[in-house]
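Structural overview
Chain by chain, the residues run as shown.
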Amino acid sequence: MTSLPAVTIDSTPHDAGPMTVLAARHAPRELDDSLATAQALGRVFTAAPRRDLIDEWEALATLASVDVGAARTIEPHIDALSILRDARRTAFDGFEVTALLWGVFAAEGGDEPLVATPSGQTATLDGVKPWCSLAGRLDAALVTARVEGDDERSLFAVHLDEGVTVDDSAWVARGLTEIPSAPVRFTAVRAVPVGGPGWYLQRPGFAWGGVGVAACWYGGAVGIARAVLHAAAASRDPHALAHLGAVDELLHSARRAIAEAAELATLDDGAHRLTAKRVRATVARVCDEIIDRAHRVLGPAPLALDVEYTKRVADLQLYVRQHRAERDLASLGASLTDSERRPW
């Protein structure tokens, strides 16, 4: 019996999966609780004989519908465990992977990009990695870095307790305030390769991880939509009802896009990248429009007086900007022109 309503993605009637049940039962709102829930969900994820994307994505959406920051904290840990599962790694330096709190640091950029220097079966990492969320609170991370002579990025597992300098002072965001995502300096940090050059980006799981982030966005939009539903039901104002109808249509389109991705993931037809780009673009647009419609229905009061609502909006607006608007749409367009299949 769950303590809060689970967010459903699959339209087929079904009982909530074990990850979703656990997410609804815990529904964390504080960072420490979110980190504990991440490990609890990770153990459920790892114990399953195969990946259940619907359960995974419904769990993330359920978390985000209550607190976007909780989903933002937990999603990278689950993503890291899925990457390690793809790589058939169950342990790291003598630790079971589920015993560690994981992050995934894969952003590129900066004046001192991270460089890996191989040394036998391991490597050392030196340089600065941008956008390392919660690096000061995690045990380990999967980090992308360049190896001299390789054209593709490689992935490495690292402990974050030695040779890592975290400076969160630059994080001045008003959304996701509890999840600083600042640059981190690596100095001769021992690293263990995970997969070969390019493996991290080439595997289908990379695309499904991107859809998992979109599931978090969707859950955040559901949380805002519930405020619109409550206001429209109370007022019966025709304009509020019209906005509510539009919000429902938007959520339905986002939900169907995510559900279709889960179905296509079972086909292994090579369309994973295109599917993920479509889903993320759809859900990002839905989130932006729902926030706008909610503002028009609710007016300034909740943004000025409701701490929970204000946090949800600020968190979601920052999180959904991982979708790079026209740049990602251009990437989608390029995928369509490069494909040998007709898209429509």
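Anything mentioned here points back to the structure above.
Fair warning: this is a prediction, and the values are worked out from it, not measured in the lab. (Residues numbered from 1 in each chain as written. Predicted model: local features only at pLDDT ≥ 70, side-chain atom pairs only at ≥ 80, totals over all residues. Heavy atoms only, no water.)

Quick word on the packing of aromatic side chains
- Considering all chains together, one arrives at four aromatic pairs under this definition.
- Ring geometry for Trp217 against Tyr319: centres 6.4 Å apart, planes inclined by 90 degrees, an arrangement best described as edge-to-face. In this pair, Trp217 is assigned in helix H6 (residues 204-235) and Tyr319 in helix H10 (residues 307-319), connecting sequence segments 102 residues apart. Just as Trp217 is buried, Tyr319 falls in that class too.
- Taking the ring centre of Phe45 as reference, the NZ or CZ of Arg85 above it sits at 4.8 Å. (Phe/Tyr/Trp six-rings, centres within 6.5 Å; stacked < 30°, edge-to-face > 60°. Helix = DSSP H or I, 4+ residues; strand = E, 2+ residues; numbered from the N terminus. Buried < 20%, exposed > 50% of the residue type's maximum accessible area, 1.4 Å probe, protein only. Lys NZ or Arg CZ within 6 Å of the ring centre and 35° of its normal.)

Structural notes on the layout of surface pockets
- By volume, the largest pocket amounts to about 1600 Å³.
- Those elements giving two or more residues to the lining of the largest pocket turn out to be helix H4 (68-86), strand S3 (102-105), strand S5 (122-133), helix H5 (199-202), H6, helix H8 (272-298), H10 and helix H11 (326-338).
- The element contributing the most residues to the lining of the largest pocket is H4, with six residues.
- Here the lining of the largest pocket is built from residues that sort into 24 nonpolar, nine polar and 13 charged. (1 Å grid on protein atoms, 1.4 Å probe; cavity = no way out; pocket = protein on both sides within 12 Å on 5 of 7 lines; lining within 4 Å. Points joined across faces, edges and corners; volume = space filled by probe spheres on them. Nonpolar A, V, L, I, M, F, W, Y, C, P; charged D, E, K, R; others polar.)

Points about the environment of Val286
- Turning to its location among the elements, Val286 is positioned in helix H8.
- Excluding residues that lie within four positions of it along the chain, Val286 makes contacts with Leu250, Leu251, Ser253 and Ala254. (Contact = heavy atoms within 4.5 Å.)

Overview of the nonpolar core
- Formed by 103 residues in total, the largest nonpolar core has its most connected members in Trp57, Trp102, Leu125, Phe186, Trp217 and Tyr218.
- At 15 residues, the largest contribution of residues to this core is made by H6.
- If sequence neighbours within four positions are ignored, Phe186 has contacts with Phe105, Leu114, Leu125, Asp126, Gly127, Lys129, Val143, Val158, Leu160, Gly163 and Val164. (Core = buried A, V, L, I, M, F, W, Y, C linked by side-chain atoms within 4.5 Å.)

Overview of the packing of helix H3 (residues 53-66) against H4
- For the pair H3 and H4, interaxial distance at closest approach is 6 Å and the crossing angle is 150 degrees. In this view, H3 runs roughly antiparallel relative to H4, as classed from their interaxial angle. Judged by residue contacts, Glu56, Leu60, Leu63, Ala64 and Val66 of H3 engage Val68, Ala71, Ile74, Glu75 and Ile78 from H4.
- Here the contact of H3 with H4 is built from residues that sort into eight nonpolar, no polar and two charged. (Axes fitted to C-alpha atoms, helices over the stretch in contact; angles between N-to-C directions. Parallel < 35°, antiparallel > 145°, perpendicular 65-115°, else oblique.)

Some thoughts on the side chain of Thr73
- Turning to its location among the elements, Thr73 is positioned in helix H4.
- Within the local environment of Thr73, its side chain forms a polar contact with the backbone oxygen of Gly69, the two atoms lying 2.9 Å apart.
- Setting aside residues up to four positions removed in sequence, Thr73 forms contacts with Leu31, Ser34, Leu35, Leu134 and Ile179. (Polar contact = N/O pair within 3.5 Å; in protein donor to acceptor, adjacent residues only side chain to side chain.)

Looking at empty space enclosed by the protein
- Considering all chains together, one arrives at two cavities of 30 Å³ or more under this definition.
- One number sums up the size of the largest cavity: a volume of about 40 Å³.
- As for the largest cavity, its lining consists of Arg51, Glu56, Leu60, Glu75, Ile78, Asp79, Gly209 and Gly212.
- If one sorts the elements of the lining of the largest cavity by residue count, H4 sits on top with three residues.
- Taken as a whole, the second largest cavity encloses approximately 30 Å³ of empty space.
- If you trace the second largest cavity, you find it lined by Ala107, Glu108, Gly109, Pro113, Leu114, Val128, Lys129, Pro130, Thr144, Ala145 and Arg146.
- For the lining of the second largest cavity, the residue count by class is six nonpolar, two polar and three charged.

Overview of helix H1 (residues 18-26)
- Of all the positions in H1, only Met19, Thr20, Val21, Leu22, Ala23 and Ala24 are classed as buried.
- Residues of H1 that are buried sit in contact with helix H2 (31-47), H3 and H4.
- Backbone geometry just after H1 places Ala27 at a positive phi near 40 degrees.

So, unusual backbone geometry
- Positive phi, normally seen in glycine, also occurs at Leu134, with a value near 60 degrees.
- In this structure, Arg236 takes a positive phi of about 55 degrees despite not being glycine.
- Its place among the elements puts Arg236 in the loop between H6 and helix H7 (238-264).

Quick word on the pattern of salt bridges
- Overall, the coordinates contain 16 salt bridges when judged by the stated rule.
- Among the salt bridges present, the one from Arg51 reaches Glu56, with a minimum N-O distance of 2.8 Å.
- Exposure remark for Arg51: the relative accessible area of 24% places this residue in the partly exposed category.
- When the shortest N-O distance is used, the salt bridge between Lys311 and Glu178 registers 3.1 Å. Of the two residues, Lys311 sits in helix H10 while Glu178 sits in the loop between strand S8 (164-166) and strand S9 (181-193), which places them 133 residues apart along the sequence. (Salt bridge = Lys/Arg side-chain N within 4 Å of Asp/Glu carboxyl O.)

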